[in-house]
2 protein chains.
Amino acid sequence: MVFDKSKLEKSVIKNFKGGKKDFTANIYEDAENKMLLGKLEPGASIGLHKHETDSEIIYIIKGDGTVCYDGENIPVCASQFHYCPKGHSHSLINTGNEFLEFFAVVTK
Amino acid sequence: MVFDKSKLEKSVIKNFKGGKKDFTANIYEDAENKMLLGKLEPGASIGLHKHETDSEIIYIIKGDGTVCYDGENIPVCASQFHYCPKGHSHSLINTGNEFLEFFAVVTK
């Protein structure tokens, strides 16, 4: 199976997980995995949340941001990836002047 | 946790899964997930293999290729992603003139 934005329905979620502004995502999901092409406008964020039963991997495509991982702020930029294993907490904030674009996988 | 190529050891694997030429990968792995920044030179491939107990998701960063998924050849290019759920087979071939670069997650 091969996907791109044009093949997936777009969701715009305001204040996702208690974050700021809009989170836009094109999502494909089955019983085992969720994968999405996501973006946050400047100043937007995905709020802090704990992965109780799953893990998440985020590859940064474009832009600059900050991950708060278990209370530690870590800058992220294009070509880097962030891993939040099961049992850990994170948030993602767009700290740049452009859209922060990423590809995320949530492993259930 | 945030990773990039500079923080991960580089592996160069010849004829990976029976494919052609070199597969280069910077890998991070734990008991639950494997994630890697991979690249295939022009003409290189990852050979056909079945995901018996895990699944794989591949986001294409750069270049052009073909995925053979359960016997069907599907072209892939930058900004697209390929999903091979558990129980399915796939290969990845660089059909372009430049490196095919990708980010992959194997969910165990």
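Keep in mind the model is a prediction, meaning the values are calculated, not measured.

Draft legend 1. Summary view of the relation of the copies chain B and chain A. Least-squares fitting of chain B to chain A yields an RMSD of 0.0 Å, with the superposition described by an axial translation of 0.0 Å and a rotation of 180 degrees. Expressed as an axis order, the relation between the two copies is that of a two-fold axis. Considering only C-alpha atoms, the residue of chain B closest to the rotation axis is Thr107 of chain B, which sits at 3.3 Å. Looking at the interface residues of chain B, 100% of them are also at the interface in chain A, so both copies use one shared face.

Draft legend 2. Local environment of the state of the cysteines. All names here are of chain A. Scanning the model with the defined rule gives zero disulfides over all chains in all. There is no disulfide at Cys68, and the cysteine sulfur nearest it, in Cys84, is 10 Å away. Relative accessible area serves as the criterion here: at 14%, Cys68 is assigned to the buried category.

Draft legend 3. Spotlight on the pattern of salt bridges. All names here are of chain A. Under the defined criterion, the tally for this structure stands at six salt bridges over all chains. Ionic pairing is found between Asp22 and Lys14, a salt bridge with its closest N-O pair at 3.0 Å. The class for Lys14 is exposed, based on a relative accessible area of 59%.

Draft legend 4. Summary view of the sheet that holds strand S9 (residues 81-84) of chain A. Judged by pairing direction, the sheet is antiparallel, and its seven strands sit side by side in the order S2(A)-S3(A)-S4(A)-S11(A)-S6(A)-S9(A)-S1(B) without closing on themselves. The sheet is open, and its two borders are formed by strand S2 (10-14) of chain A together with strand S1 (2-3) of chain B, each paired with just one other strand. Taken together, the seven bridges between strand S6 (residues 55-62) of chain A and strand S11 (residues 100-107) of chain A define a ladder with antiparallel strand orientation. If you follow Lys62 of chain A over to S11 of chain A, its bridge partner there is Glu101 of chain A.

Draft legend 5. Structural detail: unusual backbone geometry. Residues and elements named next belong to chain B. We note that Asn15 has phi near 55 degrees; this positive angle belongs to a residue other than glycine. Inspection of the secondary structure puts Asn15 in the loop between strand S2 (10-14) and strand S3 (22-29). A relative accessible area of 41% places Asn15 in the partly exposed class. A positive phi angle, near 60 degrees, is found at Lys21, a position not held by glycine.

Cut-offs applied
Residues numbered from 1 in each chain as written. Chains lettered and ligands numbered in written order. Predicted model: local features only at pLDDT ≥ 70, side-chain atom pairs only at ≥ 80, totals over all residues. Heavy atoms only, no water. Least-squares fit on C-alpha atoms with pLDDT ≥ 70 in both. Contact = heavy atoms within 4.5 Å. Disulfide = S-S within 2.5 Å. Buried < 20%, exposed > 50% of the residue type's maximum accessible area, 1.4 Å probe, protein only. Salt bridge = Lys/Arg side-chain N within 4 Å of Asp/Glu carboxyl O. Pairing = 2+ DSSP bridges. Helix = DSSP H or I, 4+ residues; strand = E, 2+ residues; numbered from the N terminus.

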